[in-house]
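Results of the structural survey
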Amino acid sequence: MVGLPYDCIANPLGAVRLTFEKEVASRFDPAALDGKDWGAADLFRQFLIDDNGLSKVPMLNASTIKCVQPNTLVRFRGMIQDMLGNELYVGAYKDGATWKTNKFSDASQCPMDASSDMRIWERRLLYCVPVPGQNSWAESSQENLTNMCTNSVSPQREKRRREDENDIDMMDGDVIGDSPNAKKMREDGMPSSESQMARTEGTSFNLSLTPDAERNSFPCLIKIYDSPESDLKLNDVFEFVGIFTSDPDLVEDRDDNDELIDSFCEGALVHVPPTKVIPVPRLHCVLHRKLVINDFFSSPPLEATVLGNDRMAAQYILLHLLSRVHARVDSIAVGKLSLNLTCFNNESASVFGDRLKFAIKNLVPFTQCLPLTVDYLNTVTLAPKKDYNTDRLVAGFLQLPEGSHLTIDETPLQNGTLNSTGVENAQVLKNLMESQKVDYDFTYYKMEMAADVQLLIFSEGKSNILPADIVLPFHPSSIDSFLEIDEELLKAFRWYLASMKSLPHSIEPHMQKVVEDDIVAARQADRSLGSQEFSRWLTMGRLVSVSFGETFLSMEHWQMVRELEGLRKQRIQGNL
């Protein structure tokens, strides 16, 4: 008996065992199950999706970790910060005449003298962190979480869990540096060092990593089964549903001279405090889905008066917030629209800059702010960097998920000298601005990783460090026009931004001819215009159209682009 086999939340391992036993009984050959699902995933998918059980699954985060029971089903939302390679484990073994499985668990119950009657399977390890810059309003709902996390296990289930815990006393696994999957990972830019773990069967594997107290306060180690590598990419944001395991008994004092532990942990541990190993929660994934912006909204036009009634700035801010990279042609990121608001000083930045950052924080799920100073550039780590001593990809400030917004305040910038780190960081920011790419530093080489980050710059004059697509002098007409926005109105505008951003767009043949003629005429009138300006016009044409919910460029919207750009040019000339 397996207790309550279909209680997928409180006893998911029971469901796994039951489906495995049924499959083995029908096949008589566990070798046929290597690298395949035998129906467990379908059972969970039916419960979570078809039977609407997903909302009943508790969310795993820093505030719920103490009340979530081990070996229960949980959800975790986070960004893939690092890919740790692949791990071998004893997936099935023969206990007497009966085949049993260790899939979706940390433990190995296989008798050490039964090596001929076991199957070695493989799973992937992902190091995930809370989404950098995620704002509080974008956090997922945790309705009924408290009741679900506390004392909801029946005595029968408790008895079964205790029996399982008596059986589960060790974990096995080998992170493979030269397996086909690991090789593929290296080719995709996620190198698996040869120094990764080479452990023997039956050793205790407690992957423990030091959490970043500021940005990655609650990391989670996700173990992926039977999923194509192409489904999960670095910096993607996912919701993982899986079986939660975390054994506090494995956290114990560690002697720095303990060669046995060092040999087991080589490549798996980052630098940790000298006397304690900090455990990272583990989640054995049964279902995962990539999250999009809409997934962070709790429900479905607004222009908050945060810009001192500067209507032109509000129009460009709207287009900026609707922008996204929707295509790449060679090195060009098509669809981006970075914005540089000039005429800011320390005083105006503390008023209007703070208002605008506050408004964007309440409209966009993921936001970050960067104060641009010489000291900051000389000391900060912007691009992720591979640490081969710990075999970890160390997070950089610009390792951001798709759809993030980054505000850069250049007003504190003073004269100074950039060191080599500062020069490199300035180049990283420039590359992100121009091509929406970040160079990840793997010491011996650098790898370009595509990004999709909206960039807004505050500066006194046109930024010489960060060449934005749009430069607009900021001209507020009042200082007391800020109004508190109703929460329902904020929700509506969040849905508006997300819905309009996702619209497809095209230019019909007759409008293509109009656009071509206008570009030719503009070029004849002003020889300084080039491909960058014309590309920006086309991007703005698309953004103006989608701002009205249209999927085709109309004559009216094209004329609005031309007029808006004309007014901007006049303001720039008047500001000289």
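Presented here is an overview of the structure given in this document. Keep in mind that what you see is a predicted model, and the values were worked out from it rather than measured. (Residues numbered from 1 in each chain as written. Predicted model: local features only at pLDDT ≥ 70, side-chain atom pairs only at ≥ 80, totals over all residues. Heavy atoms only, no water.)

Time to look at the layout of surface pockets. Of the voids in this model, the largest pocket is the one considered here, and its volume is about 1,400 Å³. In terms of lining, the largest pocket is formed by 41 residues, of which the most central are D469, Q532, E533, R536 and R568. When contributions to the lining of the largest pocket are tallied by element, the ones reaching two or more residues are β9 (332-334), α10 (420-435), β18 (470-473), α12 (509-525), α13 (531-547) and α14 (555-574). In the lining of the largest pocket, the residues fall into 14 nonpolar, 13 polar and 14 charged. (1 Å grid on protein atoms, 1.4 Å probe; cavity = no way out; pocket = protein on both sides within 12 Å on 5 of 7 lines; lining within 4 Å. Points joined across faces, edges and corners; volume = space filled by probe spheres on them. Helix = DSSP H or I, 4+ residues; strand = E, 2+ residues; numbered from the N terminus. Nonpolar A, V, L, I, M, F, W, Y, C, P; charged D, E, K, R; others polar.)

Using the criterion set out here, one finds 25 salt bridges in the structure. Its salt-bridge partner being R289, residue E239 comes within 3.1 Å of it at the nearest N-O pair. Residue E239 is found in strand β6 (residues 237-245), and its partner R289 is found in strand β7 (residues 282-290); the two are separated by 50 residues along the sequence. The class for E239 is buried, based on a relative accessible area of 1%. Exposure remark for R289: the relative accessible area of 32% places this residue in the partly exposed category. Of the charged contacts, one joins R568 and E565 as a salt bridge, the two residues approaching to 2.8 Å between their closest N and O atoms. Here R568 and its partner E565 are both found in helix α14, three residues apart, which amounts to about one turn of the helix. Side by side, R568 and E565 carry an identical accessibility label, which is buried. Among the charged side chains, a network of salt bridges with common partners joins E87, D106, R123, K223 and R282. (Salt bridge = Lys/Arg side-chain N within 4 Å of Asp/Glu carboxyl O. Buried < 20%, exposed > 50% of the residue type's maximum accessible area, 1.4 Å probe, protein only.)

What follows deals with the packing of α12 against α13. Viewed as axis vectors pointing N to C, α12 and α13 meet at an angle of 145°, and their least axial separation amounts to 11 Å. Taken as a pair, α12 and α13 cross one another with a handedness that is right-handed. On α13, the residues touching V515, I519, A522 and R523 of α12 are F534, W537 and L538. For the contact of α12 with α13, the per-class residue count stands at six nonpolar, no polar and one charged. (Axes fitted to C-alpha atoms, helices over the stretch in contact; angles between N-to-C directions. Left-handed = near helix turned anticlockwise from the far one by under 90°. Contact = heavy atoms within 4.5 Å.)

Here we come to the sheet that holds strand β10 (residues 339-342). Sheet architecture is open: five strands sit in the order β11-β14-β17-β10-β18, paired in parallel fashion. Whereas interior strands pair on both sides, the edge strands pair on one side only; in this sheet they are β11 (367-371) and β18. Neighbour-to-neighbour, the strand axes of this sheet turn through a mean angle of 20°, independent of strand direction. The pairing of β11 with strand β14 (residues 404-409) spans five bridges and is parallel. Paired with Q368 across the bridge in β14 is L406. (Pairing = 2+ DSSP bridges.)

Turning our eyes to something else, we now look at the nonpolar core. Within the largest apolar cluster, 47 residues are counted, with the highest numbers of intra-cluster contacts made by I222, F240 and L398. Ignoring sequence-local partners within four residues, the contact set of I222 consists of F76, R124, L125, L126, C128, F240, L283 and C285. Counting residues in hydrophobic clusters, the runner-up holds 39 residues, among them A349, L472, L543 and V544. (Core = buried A, V, L, I, M, F, W, Y, C linked by side-chain atoms within 4.5 Å.)

Attention now goes to α13. Spanning 17 residues, α13 covers 24 Å between terminal C-alpha atoms, matching the ideal 24 Å at 1.5 Å per step. Across the 17 residues that make up α13, a large majority, twelve, are buried. When α13 is considered as a whole, its buried residues turn out to be F534, R536, W537, T539, M540, G541, R542, L543, V544, S545, V546 and S547. G549 occupies a position one or two residues after α13 and carries a positive phi of about 80°. (Expected span 1.5 Å × (residues − 1).)

Along any regular strand, the residues point their side chains to alternate faces of the sheet. As judged from the three bridges shared by strand β5 (residues 220-224) and β7, these two strands associate in the parallel manner. Across the sheet, K223 pairs through a bridge with H284, a residue of β7. In terms of strand pairing, β6 meets β7 through eight bridges, oriented antiparallel. Bridge pairing in β7 links F240 to H288.

Right, let's talk about unusual backbone geometry for a bit. The phi angle at D226 is positive, at roughly 50°, despite the residue not being glycine. Although it is not a glycine, D330 adopts a positive phi angle of roughly 55°. Position of D330 among the secondary structure elements: in the loop between β8 (327-329) and β9.

What follows concerns the environment of G91. As for its placement among the helices and strands, G91 is situated in strand β1 (residues 73-95). The exposure class of G91 is buried, given its relative accessible area of 0%. Apart from the residues lying within four places of it in its own chain, the contact partners of G91 are K100, T101, N102, K103, R119 and W121.

We now examine the packing of helix α7 (residues 311-322) against helix α11 (residues 487-501). In helix packing, the relevant descriptors are the interaxial angle and the interaxial distance, both defined with respect to the helix axes. Axis separation between α7 and α11 bottoms out at 9 Å; the angle between their running directions is 60°. Between α7 and α11, the angle falls in the class oblique. When α7 is examined against α11, the residues L318, L321 and L322 are found in contact with a partner set consisting of F493, Y496, L497, M500 and K501. The class makeup of the residues in the contact of α7 with α11 is seven nonpolar, no polar and one charged. (Parallel < 35°, antiparallel > 145°, perpendicular 65-115°, else oblique.)

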